[in-house]
Amino acid sequence: MRKICLVLMLFLIVILTGCKSDNETPDPETGTPKPVNWIKPSHFPDPVYDMSKNPLTAEGVELGRFLFYDGILSRTNVIGCGTCHQQSAAFTHHGHELSHGVDDQLGTRNAPAIQNLAWSTSFFWDGGVHDLDFVPPSPIQNQVEMGETVSNVMVKLRNTPIKGAAVPVNYPQMFKAAFGSEEINTERMMKALSQFMLSMVSATSRYDYYVLGDASAITTQEKEGLVLFKQKCGSCHAGELFTDFSFRNNGITPNKINDQGRYAITLDEADRIKFKVPSLRNVGLTSPYMHDGRYYALSEVLDHYANDQNSSKTDSMYVSPTLDPVLMLAGQKRGIRLTAQEKLSIIAFLKTLNDEQFISDKRFSDPGVGTAL
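Residues numbered from 1 in each chain as written. Predicted model: local features only at pLDDT ≥ 70, side-chain atom pairs only at ≥ 80, totals over all residues. Heavy atoms only, no water.

Caption draft 1: Quick peek at the overall build of the protein chain. Counting its regular elements, the protein chain contains 13 helices and 2 strands. When burial is assessed residue by residue, the protein chain has 54% of its 373 residues classed as buried. Summed over its atoms, the accessible surface of the protein chain is roughly 16900 Å², and 56% of this surface lies on carbon and sulfur atoms. (Helix = DSSP H or I, 4+ residues; strand = E, 2+ residues; numbered from the N terminus. Buried < 20%, exposed > 50% of the residue type's maximum accessible area, 1.4 Å probe, protein only. Areas by Shrake-Rupley, 256 points an atom, 1.4 Å probe, with all protein chains shown as cover.)

The structure is reproduced here in structure tokens:
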């Protein structure tokens with residue numbers, strides 16, 4: 001009976017965190033956008049994003065979903081946000097060290113996961129943006145990623161639907177449904193994209209079932225891995241979001257382009273080669289790893305942190321003035337002491353963070369936009 005109650009409780013959380021409400025059907029008489037009842041998972045902290053300034057509505061979230069997947073945001077009308085942030089890989093670009101942008105150009109960093117962004121205090125590997133609403137202009141105007149201008153995107157959106165498009169979308173009508181008029185401007189586009197991304201909450205992994213009281217949700221080995229993870233990794237990947245949102249130098253050798261990470265934003269010497277600590281939710285689905293995608297397996301990541309080079313792809317830990325103190329153990333070699341068995345247990349635990357419901361939820365899927373020819 002207890003297990004049935006837990007399952008029912010998790011089912012309720014899925015509904016609530018998925019931003020569903022009983023009144024999401026637009027009112028044909030008033031045209032008033034229908035509020036979405038966004039409720040945080042009970043074991044999560046309070047969100048950082050101020051939703052009072054951008055209340056979620058069914059129409060706003062849906063507009064954001066269409067924009068997220070539409071190549072119209074790029075110069076070539078082919079590359080959308082969803083090109084490099086694919087749902088099946090927890091909205092990363094699985095298998096790609098660096099994502100391909102317009103004209104098949106390679107970027108310089110690995111595409112980070114998109115999930116639980118309501119709790120993020122900064123965005124991108126270097127933390128160059130501190131407000132979710134201001135994230136989209138960066139990839140849109142990056143010459144390698146989308147290669148477009150925001151002003152030109154506005155023009156293209158206003159000129160929809162496009163005659164002959166595979167799936168014509170009338171953006172003026174969608175903006176009217178979401179915001180009350182057909183006016184298309186930068187602020188509305190950014191808020192709609194934020195609404196969609198805010199709805200993308202991942203909190204229904206086996207680990208979540210375990211935290212909420214189902215002791216059978218994870219195995220003995222996975223429980224052992226959880227204990228080890230908290231001891232060995234929890235200082236950086238902390239809390240239920242599995243990140244402390246800090247920027248750290250984790251000892252990986254600088255890559256060919258000598259990416260200096262956070263330093264490029266702050267110009268503070270103390271920030272050289274520091275990158276944002278990523279959340280580890282869905283980490284078993286988001287290979288390859290690190291800011292440049294240099295490691296394809298979790299075992300390689302742990303080999304790096306253990307500094308024992310059991311994998312041909314791991315280098316010895318790179319020692320620099322900004323190397324994180326957690327990795328500078330007095331009187332010992334650099335790194336974190338991990339036995340082979342401990343690594344296996346930690347990897348087993350990390351895979352309990354995979355959220356199959358999240359990556360298969362149709363509310364986050366590609367609507368097959370294809371507005372541009």
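Continuing now.
Caption draft 2: Highlighting the layout of surface pockets. Each pocket or cavity is described by its volume, and for the second largest pocket that value is around 280 Å³. Lining the second largest pocket are 14 residues, and of these Glu97, Asn255, Lys256, Asp292 and Arg294 lie nearest its centre. Partitioned by chemical class, the residues of the lining of the second largest pocket number 4 nonpolar, 4 polar and 6 charged. (1 Å grid on protein atoms, 1.4 Å probe; cavity = no way out; pocket = protein on both sides within 12 Å on 5 of 7 lines; lining within 4 Å. Points joined across faces, edges and corners; volume = space filled by probe spheres on them. Nonpolar A, V, L, I, M, F, W, Y, C, P; charged D, E, K, R; others polar.)

Caption draft 3: Examining the pattern of salt bridges more closely. Scanning the model with the defined rule gives 15 salt bridges in all. A salt bridge links Glu62 to Arg65; the shortest N-O distance between them is 2.9 Å. Remark: Arg65 and Glu62 occur in helix H2 (residues 58–69); sequence separation between them is 3 residues, near one turn of the helix. With a relative accessible area of 30%, Glu62 lands in the partly exposed category. Judged by its relative accessible area of 12%, Arg65 falls in the buried class. Between Asp303 and Lys343 there is a salt bridge, with its nearest N and O atoms 2.7 Å apart. One end of the pair, Asp303, is in helix H11 (residues 298–306); the other, Lys343, is in helix H12 (residues 340–350), and 40 residues separate them in sequence. Judged by its relative accessible area of 7%, Asp303 falls in the buried class. (Salt bridge = Lys/Arg side-chain N within 4 Å of Asp/Glu carboxyl O.)

Caption draft 4: Inspection of the nonpolar core at higher detail. Ranked by internal contacts, the top residues of the largest apolar core, which has 57 residues, are Leu67, Phe68, Leu73, Leu157, Tyr171 and Met189. Elements supplying a minimum of two residues to this core: H2, helix H5 (150–158), helix H6 (171–179), helix H7 (186–198) and helix H13 (356–360). One finds Tyr207, Leu280, Leu298 and Ile346 within the second-largest nonpolar core, a separate group that totals 27 residues. (Core = buried A, V, L, I, M, F, W, Y, C linked by side-chain atoms within 4.5 Å.)

Caption draft 5: Broad picture of H5. Listed as buried for H5 are Val150, Val153, Met154, Lys156 and Leu157. Angularly, the buried residues of H5 cover 165 degrees about the axis, an arc narrow enough to put them on a single face. (Arc of directions from axis to C-beta.)

Caption draft 6: Looking closely at the environment of Arg75. On the secondary structure map, Arg75 appears in the loop between H2 and helix H3 (81–84). We classify Arg75 as partly exposed; its relative accessible area is 40%. Sequence separation between Arg75 and Ile140 is 65 residues; the distance between their C-alpha atoms is 8.5 Å. Apart from residues no more than four positions distant in its own chain, Arg75 is found in contact with Val102, Asp103, Gln105, Met146, Gly147 and Glu148. (Contact = heavy atoms within 4.5 Å.)

Caption draft 7: Region of interest: the packing of H11 against H12. Where H11 meets H12, the closest approach of the two axes is 10 Å, and the angle between their N-to-C directions is 130 degrees. Taken together, the axes of H11 and H12 are oblique relative to one another. Considering how the two elements wind past one another, H11 and H12 form a crossing that is right-handed. Taking contact as the criterion, the partners of Leu298, Ser299, Leu302, Asp303 and Ala306 in H11 are, on H12, Lys343, Ile346, Ile347 and Leu350. (Axes fitted to C-alpha atoms, helices over the stretch in contact; angles between N-to-C directions. Parallel < 35°, antiparallel > 145°, perpendicular 65-115°, else oblique. Left-handed = near helix turned anticlockwise from the far one by under 90°.)

Caption draft 8: Structural detail: unusual backbone geometry. The residue after Thr160, namely Pro161, is reached through a cis peptide bond having omega 0 degrees. Tracing the backbone shows Pro161 in the loop between H5 and H6. That bond from Ser287 to Pro288 is cis: its omega, 5 degrees, falls within 30 degrees of zero. You can see Pro288 is positioned in the loop between strand S2 (275–276) and H11.

Caption draft 9: Structural detail: the side chain of Asp133. With respect to the secondary-structure elements, Asp133 resides in the loop between H3 and helix H4 (137–141). This buried residue, Asp133, is left without a salt bridge; Lys191 holds the nearest opposite charge, at 5.8 Å. Reaching out from Asp133, the side chain makes a polar contact with the side chain of Tyr49 at a distance of 2.7 Å. Separated by 2.5 Å, the side chains of Asp133 and Ser194 make a polar contact. (Lys, Arg positive; Asp, Glu negative; His and termini not counted. Polar contact = N/O pair within 3.5 Å; in protein donor to acceptor, adjacent residues only side chain to side chain.)

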